Amino acid sequence: MKIVGVAACTVGIAHTYIAQEKMENAGKKAGHEIAIETQGTIGTENELSSQQIQEADIVIMAADVKIAGRERFEGKRIIQVPTEVAVKSPNKLIKKAEEVLKQKQAQ
Amino acid sequence: MNGNSFIQIYFDSDLETKEEVYDFISEVACAQDSCQQKHGIIYQFNEREKAGSPLIAEHVLLPHIESEHVLESRILFFRLANPIRWDETIEDIRLIIAILLKKDEEEAMKKKIAAFTRSLADEGYVDRLLNLEEKKFQKEIIKFREES
């Protein structure tokens, strides 16, 4: 499965980066291809390319604030959670993404 | 207290409540003895908590703010002498890592702090910070400081 996502928190110095690392680690551990863009106090890092977004099966937005460039994901299946969820339960979040995709494929 | 001004370590800290922790941090953050600044910092920490829990792992809190009241960006480590109850929903806290980010801080410093927060995604690293004895704990922090 190909997953892309964005992490962004209010201060943009802590949860953003922990959420990114945890989601990427959990995604890779589960055997997926995953790339998470961070929108933090430093600005945007690991910016997703339009090709990455286009090829993604699912998008995870772990955010406590409005995401910049949300329109890039229009038409994609999106899971939206607070950063807290990505920080505390990254494996469950990836599992949820798998389930959502299964449901989508079953439709 | 151990550490340089950017990183400060309080091992076996006897702070017992959230109020005591935020009060202590506000004292550290304000070089000038301004009550208004201290109250501003405490207010901002409490506001940040309304936006989301500071709990990042079992027994570990990461309260953090970006503030015009902070004169110098810092990371403060509190390894508590006894586990504390933080509020109605958070208890058994043993490690508090507080980040004070100065408003309009330079990008290099922000990157340094972001590199540190990324390292907190490593459960093994967090586990070591929770359990290592003082000397090894300091070494673990120094290692980060030298790598960053």
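Everything here concerns the structure above.
Read on for a plain summary of the structure.

Rules used in this analysis
Residues numbered from 1 in each chain as written. Chains lettered and ligands numbered in written order. Predicted model: local features only at pLDDT ≥ 70, side-chain atom pairs only at ≥ 80, totals over all residues. Contact = placed C-beta atoms within 7 Å. Helix = DSSP H or I, 4+ residues; strand = E, 2+ residues; numbered from the N terminus. Nonpolar A, V, L, I, M, F, W, Y, C, P; charged D, E, K, R; others polar. Expected span 1.5 Å × (residues − 1). Buried ≥ 20, exposed ≤ 12 C-beta atoms within 10 Å, placed from the backbone. Arc of directions from axis to C-beta.

Section: the interface of chain B and chain A
So, step 1. Every contact between the two is made by 20 residues of chain B and, on the other side, 18 residues of chain A.
So, step 2. Of all the secondary structure elements, the ones that give two or more residues to the side of chain B that touches chain A are α2 (35–51), β4 (64–67), β6 (93–102) and α3 (107–119) of chain B.
So, step 3. Looking at which element gives the most residues to the side of chain B that touches chain A, the answer is α3(B), with 7 residues.
So, step 4. In terms of residue class, the side of chain B that touches chain A is made up of 10 nonpolar, 4 polar and 6 charged.

Observations concerning unusual backbone geometry
Peptide bonds are mostly trans, and most non-glycine residues show a negative phi.
So, step 1. The backbone phi angle of Asn46(A) is positive, close to 55°, even though this residue is not glycine.
So, step 2. In this structure, Asn46(A) sits in the loop between β3 (43–45) and α2 (50–55).
So, step 3. With a phi angle near 75°, His59(B) is a residue other than glycine that sits in the positive phi range.
So, step 4. Tracing the backbone shows His59(B) in the loop between β2 (55–57) and β3 (60–61).

A few points about α3(B)
Think of an α-helix as turning once every 3.6 residues; residues three or four places apart then point the same way.
All names here are of chain B.
So, step 1. Between its first and last C-alpha, α3 extends 18 Å over 13 residues, near the 18 Å set by a 1.5 Å rise per residue.
So, step 2. Within α3, the full set of buried residues consists of Lys110, Ile113, Ala114, Phe116 and Thr117. Along the long axis of α3, the arc covered by the buried residues comes to 160°, so they all point the same way.

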